[in-house]
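Observations on the three-dimensional arrangement
The chain contents come next:
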Amino acid sequence: DGGFVFALEKRGYVKAGPWTPEAAAEHPESVRQLHREFLRAGSNVMQTFTFYASDDKLENRGQSLSFTGRQINEAACDLAREVANEGDALVAGGVSQTPAYLSGKTEEEVKAIFMKQIDVFVQKNVDFLIAEYFEHVEEAEWAVQVLKSSGKPVAATLCIGPEGDLNGVSPGDCAVRLVKAGADIVGINCHFDPETCVKTVKLMKEGVEKAGLKAHYMSQPLAFHTPDCGRQGFIDLPEFPFGLEPRILTRMDMHKYAREAYNAGIRYIGGCCGFEPYHIRALAEELEAERGCPPAGSEKHGSWGSALSLHTKPWVRARARRDYWEKLKPASGRPFCPSMSTPDSWGVTKGHADLMQQKEATSKEQLEFMYQKRSKC
């Protein structure tokens with residue numbers, strides 16, 4: 001499954017900005033239902049809704065919640081397991097990058113944050129662990145080392161593109177470092193579209209094989225087209241986060257992604273921000289032969305539009321064929337909009353003053369400084 005923070009933000013259960021997962025404890029029915037939709041769409045893994053659930057993130061920039069990180073993580077594990085047991089799915093517990101690392105905290109301090117989270121995952125006996133959404137391979141290494149101490153299989157994904165992490169470490173070298181840290185599965189998630197993510201995983205695979213190491217590979221890209229992104233990915237796009245809808249991939253794009261990922265040797269194939277259950281269903285339908293069965297949700301979906309043969313209008317019935325949808329070039333319906341944007345490129349990374357985090361709410365003076373700085377970029 002994937003895309004929980006974006007999907008639940010659109011449904012009114014996550015706040016854009018902090019992107020924290022308190023809905024697992026605050027509105028469990030919303031998380032449970034989304035899990036069920038992904039399961040019906042064909043997901044083999046229920047990933048706990050624990051993205052950004054570290055205490056330092058939950059308390060960042062004046063955010064005040066009535067739930068602790070532990071309470072959120074416990075609730076998320078229970079929900080994922082409940083739904084996984086309704087089908088034949090695994091449960092993965094996940095940790096992600098921390099404000100503490102961006103602020104220059106020590107390895108010991110950052111690892112202590114990860115350790116608090118995995119205590120819950122071990123107690124709840126998740127099937128495996130994922131260190132996801134890391135812009136710096138160094139922090140991802142620290143996360144993998146902590147997760148590996150649990151004795152469970154560990155996957156690690158970076159939110160980077162072909163240019164490498166924010167310190168310029170290449171995808172191949174990143175992958176080698178993650179495997180040496182103990183990761184069983186390595187790959188890419190978020191920040192870039194499927195085409196870019198698959199390309200980057202290929203570079204990771206080449207690096208691992210060149211080093212004489214072995215790993216499995218995974219890809220969880222955005223469901224947005226991002227050909228105009230730089231090193232930082234879609235968060236630099238001026239449309240992030242509220243104007244991204246014109247970039248959404250179609251289900252036909254998802255068929256293409258699933259096949260290209262599979263052909264590249266990627267076997268953990270999923271999605272991240274922007275992915276909805278129908279996207280996952282398209283992946284599962286494309287790989288039906290490899291998986292051995294269609295997803296349950298296919299009973300309400302004719303393959304490649306075949307159910308359109310039931311439509312009342314003859315011109316719509318004429319679209320009930322694969323070649324029509326494969327050759328379609330969708331229009332945006334926005335005649336005065338550009339096809340691509342110019343990303344923000346502030347060029348700041350870990351330790352820079354602009355990335356120092358704080359418990360206090362962002363002040364008016366700080367916001368004004370950022371407004372002025374952006375206007376000069």
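Note that the structure is predicted; figures quoted are calculated from it, not measured.

**Observations regarding the UniProt feature "binding site: Zn(2+)" (unreviewed entry) in the protein**
- Taken from the UniProt record, the annotation "binding site: Zn(2+)" (unreviewed entry) applies to C190, C272 and C273. The annotated residues occupy 84 residues of the chain but converge on a single region, no pair of C-alpha atoms lying more than 6.4 Å apart.
- Tracing the chain through its elements places C190 in the loop between strand 5 (185-189) and helix 10 (194-210).
- For C190, a relative accessible area of 2% gives the class buried.
- The residues contacting C190, other than those within four sequence positions of it, are Y133, C159, C197, Q220, P221, L222, F234, C272 and C273.
- Along the polypeptide, C272 turns up in the loop between strand 7 (268-269) and helix 12 (277-286).

**Examining the side chain of D193**
- Inspection of the secondary structure puts D193 in the loop between strand 5 and helix 10.
- Sequence-distant contacts of D193, defined by excluding residues within four places in its chain, comprise P221, L222, F224, H225, T226 and P227.

**Thoughts on the side chain of N189**
- Relative to the helices and strands, N189 resides in strand 5.
- Polar side-chain contacts of N189 include one of 3.0 Å to the backbone nitrogen of Y133.
- A polar atom in the side chain of N189 sits 3.1 Å from the side chain of T157.
- Ignoring sequence-local partners within four residues, the contact set of N189 consists of E132, Y133, T157, L158, C159, Q220 and C272.

**A short note on unusual backbone geometry**
- Backbone torsion omega between F240 and P241 reads -5 degrees, so that peptide bond is classified as cis.
- Relative to the elements of secondary structure, P241 occurs in the loop between strand 6 (216-220) and helix 11 (251-263).
- We note that Y52 has phi near 60 degrees; this positive angle belongs to a residue other than glycine.
- Note that Y52 resides in the loop between strand 1 (45-47) and helix 4 (55-58).
- The exposure class of Y52 is buried, given its relative accessible area of 12%.
- With a phi angle near 65 degrees, Y133 is a residue other than glycine that sits in the positive phi range.
- Inspection of the secondary structure assignment puts Y133 in strand 3 (residues 128-134).

Analysis parameters
- Residues numbered from 1 in each chain as written.
- Predicted model: local features only at pLDDT ≥ 70, side-chain atom pairs only at ≥ 80, totals over all residues.
- Heavy atoms only, no water.
- UniProt positions renumbered as here; feature names shortened; annotations may be inferred.
- Helix = DSSP H or I, 4+ residues; strand = E, 2+ residues; numbered from the N terminus.
- Buried < 20%, exposed > 50% of the residue type's maximum accessible area, 1.4 Å probe, protein only.
- Contact = heavy atoms within 4.5 Å.
- Polar contact = N/O pair within 3.5 Å; in protein donor to acceptor, adjacent residues only side chain to side chain.

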